[in-house]
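# Structural overview for review
The residues making up each chain are set out below.
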Amino acid sequence: MRLLQVFVPAETRDAALDVLEDEGLDYVRTNESSNRGEGELVTFPVPTQAVDSVLTSLREAGVDDDFIVVSSIETARTPRIEELEERYVNGQEEDDSIAREEIRTRALNMTPGRVTYYAMTVLSAIVATAGLLLDSPAIVVGSMVIAPQVSAALTGTVGLVLDDRDMIAGGLTSLAMGLVVAIASAFAFAWLVRSGGIVPSTIDITAIVQVQNRISPGLLALVVGVCAGAAGAFGLATAIPVSLVGVMIAVALIPAAAAVGIGLAWGETTVAIGAGALVAVNATSILFAGLAVFWYLGYRPDGWTQGSLRDNVPGEWLDTLLIAAVVGMLVFAAGGLVIGQYVGHQNAVNDEVRTVLEDDAYDDLELVEVRTEFVGPGTDGEPAVTVVVQRPADVPYPTLVSTLEAGLEDRTDRDVAVTVEFVESGAPRAS
């Protein structure tokens, strides 16, 4: 329920009151004399869903936006309030969307101060990094709860649909810088943890399930990003608690950003590239899905008229926009395909190597490192895999190379060149 206070100039009073009567609103008029001239302050309660419709009708009647206050109230008892609730809450005009002005205010109110925003980003990235390294889903979820990225993502999207350039620039800049800060914080924390011996530097981070889930972007990752953006837009434009959809948006961004930092700290470029691609895919999906939801709910920039996109955007700008969108999508799709193949191949190799070494015949071997050189399908050459293992001194394993080759070729369905390096008390020796 909302309480509206609208200053109505004397010259538009009759038209404005006719609108209120036509809408079936109960109102109170107070004579006012201010720097805006002579007029009346009209106060009336309306269901939340009716705010945008009533304000639109008042604007059409000549009432300016110079002085309009929209307040949230618990309830109201007036002679015709139940009829309004029946129309806008339960009846044919049922609509969960709220007024444009209220969306803008809610988006801005979600935005914390710069120090708070980046401080919470650093804390959420550190918690996410710890959760990934501990392979703890509960800790990773905790990082999502404190992440503030919902404000940046939704502020940028709201700015796009309301044609507010300050909101667009502020939201998108905060989102991009926040992700950079999250990655840098995760890298610094992971490097300290590794250097301090808290986590063994030889640990295979690709074997950690929580990390594995963030380094292979694919269709399901795209679905997560789209759903997060759509949920955020619905939460901002309706009565859904925004704090809940904030967690949803953090699901798509913070753990992946932390995985990038971990990959950089461990020198695993494939992990960093794969998780970075996931961050980019999800951030883009959130913005476009949010924009689509707002558009579906009927929110448009000021001055937008019914018709095609070309009717509202100058021709030279529209052509440039369409070309940029097509080129961007093609590059994004091609890059995502290559990265997906690369990361998928890396994961398959790591899984197969660990599976082979789990055999009883190799109980005395300890995996140190797996290095993979990936060659894209349809190109000359074969992928090369180097497996570094630690063994007891001078114990031979003559069939290890052939066993790994057979397993990797069966898993990847490609010829693979395998090299095994044994680490003993002295320098590595190739076999």
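Keep in mind that this is a model prediction, so the values were computed, not measured.

### So, a negative patch on the surface
- On the surface, D359, D360, D363 and D364 cluster together into a negatively charged patch.
- Here D364 shows up in the loop between helix 14 (315-357) and strand 5 (366-373).

### Some words on the UniProt feature "transmembrane region" (unreviewed entry) in the chain
- Look at the UniProt record and you will see "transmembrane region" (unreviewed entry) annotated at residues 115-134, 140-162, 174-193, 219-237, 244-266, 272-299 and 320-343.
- Across residues 115-134, the secondary structure splits into 95% helix and 0% strand, with the terminal C-alpha atoms separated by 29 Å.
- Strand forms 0% of residues 174-193 and helix 100%; the C-alpha atoms that close the span are 28 Å apart.

### A short note on the confidence of the model for the chain
- For the chain, the mean per-residue pLDDT works out to 77, and 77% of the residues sit at or above 70.
- By mean pLDDT, strand 8 (residues 429-430) is the weakest element of the chain at 44, and helix 5 (residues 114-133) is the strongest at 91.
- Predicted confidence for residues 314-318 stays below pLDDT 50, and this span has four contacts to residues more than four positions away or in other chains.
- Predicted confidence for residues 427-431 stays below pLDDT 50, and this span has 12 contacts to residues more than four positions away or in other chains.

### Some details on helix 12 (residues 269-296)
- With 28 residues, helix 12 extends 40 Å from end C-alpha to end C-alpha; this agrees with the ideal 40 Å at 1.5 Å per step.
- A positive phi of about 100° marks G298, the residue just after helix 12.

### Focus on the nonpolar core
- Judged by nonpolar contacts, the single largest core of 57 residues is most densely connected at V158, I249, W266 and F294.
- Sorting the residues of this core by element identifies helix 4 (100-110), helix 5, helix 6 (137-146), helix 7 (149-162), helix 8 (165-195), helix 10 (219-237), helix 11 (242-265) and helix 12 as the ones contributing at least two each.
- Discounting chain neighbours no more than four positions away, the residues touching I249 are Q149, V150, A153, L154, A228, G232 and I286.
- M1, L4, V54 and I81 belong to the second largest nonpolar core, which has 23 residues in total.

### Looking at the pairing of strand 1 (residues 2-9)
- For strand 1, the buried fraction is high: six of the eight residues fall into the buried class.
- Direction of pairing for strand 1 relative to strand 4 (residues 68-72): antiparallel, over a ladder of five bridges. Counterpart to R2 in the pairing with strand 4 is S72.

### Looking at the packing of helix 7 against helix 12
- Where helix 7 contacts helix 12, the two axes come as close as 9 Å, and the packing angle between them is 45°. With respect to their mutual orientation, helix 7 and helix 12 come out oblique. Crossing geometry of helix 7 relative to helix 12 is assigned as right-handed. Note on element contacts: helix 12 touches helix 7 through I286, L287, G290, L291 and F294, opposite A153, T157, V158, L160 and V161.

### As for the packing of aromatic side chains
- Scanning the entire structure with this criterion turns up three aromatic pairs.
- Both rings, one in Y117 and one in Y118, keep their centres 5.0 Å apart while their planes meet at 80°; by these two values the pair is edge-to-face.
- On the accessibility criterion, Y117 (5% relative accessible area) is buried.
- Taking the relative accessible area as the measure of exposure, Y118 reaches 23% and is therefore partly exposed.
- Pairwise contacts between aromatic rings join Y362, Y397 and F422 into one cluster.
- Over the ring of F422 we find R391; its NZ or CZ atom is 4.2 Å from the centre of that ring.

### Re the pattern of salt bridges
- Scanning the entire structure with this criterion turns up five salt bridges.
- One salt bridge connects E40 with R13, and the closest N-O pair in it is separated by 3.7 Å. In this pair, E40 sits in strand 3 (residues 37-46) while R13 sits in helix 1 (residues 13-23), placing the two residues 27 residues apart along the sequence.
- With a shortest N-O distance of 2.7 Å, D351 and R354 are connected by a salt bridge. Taken together, the residues D351 and R354, both in helix 14 and three residues apart, mark about one turn of the helix.
- Exposure remark for R354: the relative accessible area of 18% places this residue in the buried category.
- Each of R13, D14, R29 and E40 takes part in salt bridges that share partners, so that together they form one network.

About the criteria used
Residues numbered from 1 in each chain as written. Predicted model: local features only at pLDDT ≥ 70, side-chain atom pairs only at ≥ 80, totals over all residues. Heavy atoms only, no water. Patch = residues over 30% accessible without salt bridge, like charges linked within 9 Å, V, L, I, M, F, W, Y side chains within 5 Å. Areas by Shrake-Rupley, 256 points an atom, 1.4 Å probe, with all protein chains shown as cover. Salt bridge = Lys/Arg side-chain N within 4 Å of Asp/Glu carboxyl O. Lys, Arg positive; Asp, Glu negative; His and termini not counted. Charge placed at Lys NZ, Arg CZ, Asp CG, Glu CD. Helix = DSSP H or I, 4+ residues; strand = E, 2+ residues; numbered from the N terminus. UniProt positions renumbered as here; feature names shortened; annotations may be inferred. pLDDT = per-residue confidence, 0-100. Contact = heavy atoms within 4.5 Å. Expected span 1.5 Å × (residues − 1). Core = buried A, V, L, I, M, F, W, Y, C linked by side-chain atoms within 4.5 Å. Buried < 20%, exposed > 50% of the residue type's maximum accessible area, 1.4 Å probe, protein only. Pairing = 2+ DSSP bridges. Axes fitted to C-alpha atoms, helices over the stretch in contact; angles between N-to-C directions. Parallel < 35°, antiparallel > 145°, perpendicular 65-115°, else oblique. Left-handed = near helix turned anticlockwise from the far one by under 90°. Phe/Tyr/Trp six-rings, centres within 6.5 Å; stacked < 30°, edge-to-face > 60°. Lys NZ or Arg CZ within 6 Å of the ring centre and 35° of its normal.

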